[in-house]
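Survey of secondary and tertiary structure
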Amino acid sequence: MSSVAAAHWQEARNLRLAARLHAADPHPPSLGLAREGVLRRAVGLTLEASGCSAPLGSRCRVETAGGRWVDTEVVGFAGDRTYLMPTADLEGLLPNARVVPLRRRGEVAVGEGLLGRVIDSDGVPLDGRGPIRAEHWVGLAGTAINPLMREPITQSLDVGVRAINALLPIGRGQRIGLFAGSGVGKSTLLGMMTRFTAADVIVVGLIGERGREVRDFVESTLGEEGLRRAVVVATPADRPPLARLHGALRATAIAEYYRDQGLHVLLLMDSLTRFAHAQREIGLSVGEPPTTRGYPPSVFAKLPQLVERAGNGADGRGSITAFYTVLTEGDDQQEPIADAARAILDGHIVLTRRIADAGQYPAIDVEVSVSRVMQDITDPAWRERIRKLKRLMAAHSAQRDLIAIGAYQRGSDPAVDEAVARWPAIQAFLGQDVAEAADVEASRAALAALLDDGPAGVAPNRPQEA
Ligand SMILES: Nc1ncnc2c1ncn2[C@@H]1O[C@H](COP(=O)(O)OP(=O)(O)O)[C@@H](O)[C@H]1O
Ligand SMILES: [Mg+2]
């Protein structure tokens, strides 16, 4: 049996077991003040119950034909009506079915058994490697850390990628956006970081990707080596929006669990845009107005709620450094989700199609990428080199078209002359094979070597340094 067939079989078995458990529990535990209701309406993905009393965000089970129970979450109410959204498919739903509020809010099983595993948004294993031993429970929604109690970002984190380590240094506990269109190399870059980053645990949330991409990422990009210290939470595009939302929340909750053990966690979320799209589907289907270019307000409330959960713990209790991919189709950096993400993250790395099309990988556009914690984790000589390289690259881009057709006149501009002379070395410095790791020291040294000795015929513009 192939591993995918095994995973499907395993999932089906788990679902059957879950259904049997639900069936064996005719009266699921009810909430103190909650009252059972009756299903009145099911249109699209929204269910309406009447007579039901359950708090916003709590869970209800809806009975279906054949005695199976479908899990739903309360996403709104109006008068006597409670709006619910399912986390699984709605097959067998009947009019006037029982809607039973549950005592438990969303919880996530966590524990050592999670390492190396691939699970879905409900925590069901997708990898066919049997049940997961997870002995603790944490809240899906997490608990907020007082921002004043958080450890500040003071240590740099080795992500194994030279261009990032040297030019966009990442701090432990930083939240970074990875902005790019599709097919520009986001997943490949995340895969490199999964394998090379100096972290204790890596949690990967794959939200709203195609099913095939999930398999590709796990089997090829991550590989055995990457998976060993990773947990992957995968919720492909065909799952209901609430499941996709929960996938992101579950991945974050798992990262929080490890952080609270004092570990340094790398959280990779691919993608924040699909998380926003899931919330948009939910908001619109319960009647929120699409106020910002088709997005309802709840989307812009959920984004910071998710992102704020990453970061350093209180008083040295571990850290979550997080990368969130953001889709910028047609390189539209002003798209509302990209805009919102840029405002709430501590930096952004932009991958550009132009660079990828030229065969330069990772296709990081150094000129427009920013790490907002750079000041805190670099020394002046290092920052001066970064500025110098950016100046050279900007000078080169300004004359790119002329240089490309060989029409640039040497001697017109000393900065451009130097950029042209150093260009092959700069390209070699920025490029990196997916199998090659470059740690922070090596990356810094490579940057210094790149800039500190001038190529023949060019007077080097040496930085004053200590
Ligand atoms: N570092 C790299 N080296 C070589 N090719 C790459 C690299 N990164 C991406 N690619 C190429 O780009 C394609 C798309 O990359 P992928 O990471 O799947 O993009 P995205 O996740 O942004 O859609 C890959 O199939 C590969 O051909
Ligand atoms: Mg991808």
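Just above, that's the structure.
So, here is what we can say about the structure in this document. Keep in mind the model is a prediction, meaning the values are calculated, not measured.

Calculation notes
Residues numbered from 1 in each chain as written. Chains lettered and ligands numbered in written order. Predicted model: local features only at pLDDT ≥ 70, side-chain atom pairs only at ≥ 80, totals over all residues. Heavy atoms only, no water. Near = heavy atom within 4 Å. Polar contact = N/O pair within 3.5 Å; in protein donor to acceptor, adjacent residues only side chain to side chain. Areas by Shrake-Rupley, 256 points an atom, 1.4 Å probe, with all protein chains shown as cover. Nonpolar A, V, L, I, M, F, W, Y, C, P; charged D, E, K, R; others polar. Helix = DSSP H or I, 4+ residues; strand = E, 2+ residues; numbered from the N terminus. Buried < 20%, exposed > 50% of the residue type's maximum accessible area, 1.4 Å probe, protein only. Pairing = 2+ DSSP bridges. Axes fitted to C-alpha atoms, helices over the stretch in contact; angles between N-to-C directions. Parallel < 35°, antiparallel > 145°, perpendicular 65-115°, else oblique. Left-handed = near helix turned anticlockwise from the far one by under 90°. Contact = heavy atoms within 4.5 Å. Salt bridge = Lys/Arg side-chain N within 4 Å of Asp/Glu carboxyl O.

A short note on the site of ligand 1
Taken together, G181, S182, G183, V184, G185, K186, S187, T188, Y361 and V434 make up the full set of residues adjacent to ligand 1. Measuring from an oxygen atom of ligand 1, one finds a side-chain N or O atom of K186 at 2.8 Å. A distance of 3.5 Å is found between an oxygen atom of ligand 1 and a side-chain nitrogen or oxygen belonging to Y361. When isolated, ligand 1 has an accessible area of 560 Å², and the protein chains bury 62% of it. A breakdown of the residues in the shell around ligand 1 according to their chemical character gives 3 nonpolar, 6 polar and 1 charged.

Here we look at the environment of L345
Looking at where L345 falls in the secondary structure, it is placed in the loop between α8 (336–344) and β18 (347–350). You can call L345 buried: its relative accessible area is 1%. Separated by 22 residues in sequence, L345 and F323 place their C-alpha atoms 9.4 Å apart.

A short note on the pairing of strand β17 (residues 319–327)
Burial within β17 is extensive, with 9 of its 9 residues counted as buried. By the alternation rule, side chains of β17 split into S319, T321, F323, T325 and L327 and I320, A322, Y324 and V326, which are all buried. The pairing of strand β12 (residues 175–180) with β17 spans 6 bridges and is parallel. For G177, the partnering residue across the bridge sits in β17 and is Y324.

Here we look at unusual backbone geometry
Put simply, D270 and S271 share a cis peptide bond, and its omega is 10 degrees. Relative to the elements of secondary structure, S271 occurs in the loop between β15 (264–270) and α6 (272–285). Y361 connects to P362 through a cis peptide bond whose omega is -10 degrees. Position of P362 relative to the elements: it lies in the loop between α9 (353–357) and β19 (370–371).

Description of the packing of helix α11 (residues 380–398) against helix α14 (residues 440–452)
The interhelical angle for the contact between α11 and α14, taken along N-to-C directions, is 55 degrees, at an axis separation of 10 Å. Classified by the angle between their axes, α11 and α14 sit oblique to one another. Along this stretch, α11 crosses α14, giving a crossing that reads as left-handed. Two secondary-structure elements touch here, α11 through W382, R385, I386, K388, L389 and L392 and α14 through V440, R444, L447, A448, L450, L451 and D452. Counted by class, the contact of α11 with α14 contains 9 nonpolar, no polar and 4 charged residues.

Observations regarding the side chain of S50
Mapped onto the fold, S50 is located in strand β2 (residues 46–50). With relative accessibility at 8%, the residue S50 sits in the buried group. Engagement of the side chain of S50 in a polar contact is seen with the side chain of R40, the distance being 2.7 Å. For S50, the contacting residues outside a window of four places in its chain are G37, V38, R40, D80 and R81.

Describing the packing of helix α3 (residues 186–196) against helix α4 (residues 211–228)
Viewed as axis vectors pointing N to C, α3 and α4 meet at an angle of 10 degrees, and their least axial separation amounts to 9 Å. Regarding the angle of α3 to α4, the classification is roughly parallel. On the side of α3, the interface is formed by S187, T188, L190, G191, T194 and R195, while α4 contributes F217, T221, L222, E225 and G226.

Remarks on the pattern of salt bridges
This model, assessed by the stated rule, comprises 25 salt bridges. Between R41 and E48 there is a salt bridge, with the nearest N and O atoms lying 2.8 Å from each other. Ionic pairing is found between R81 and E48, a salt bridge with its closest N-O pair at 3.2 Å. With a gap of 33 residues between them, R81 in strand β5 (residues 81–86) and E48 in strand β2 connect regions that are remote in the sequence.

As for the sheet that holds β2
Reading around the circumference, β1-β2-β5-β4-β3-β6 is the order of the 6 strands in this closed barrel, with antiparallel pairing throughout. In this sheet, adjacent strand axes meet at a mean angle of 45 degrees when their direction is disregarded. Across 4 bridges, β2 lies against β5 in antiparallel orientation. For A49, the partnering residue across the bridge sits in β5 and is T82.

Concerning the side chain of S271
A relative accessible area of 1% places S271 in the buried class. Of note is the side chain of S271, whose polar atom sits 3.0 Å from the backbone nitrogen of R274. Once residues within four sequence positions are removed from consideration, S271 is found in contact with I207, T325 and L327.

A short note on the pairing of β15
Of all 7 residues making up β15, 6 are buried, and the element is well covered by its neighbours. The pairing of strand β13 (residues 201–207) with β15 spans 6 bridges and is classified as parallel. Bridge assignment links I202 to a residue of β15, and that residue is L266. Inspection of the sheet shows β15 paired to β17 by 6 bridges, in the parallel sense. What sits directly across from L267, in β17, is A322.

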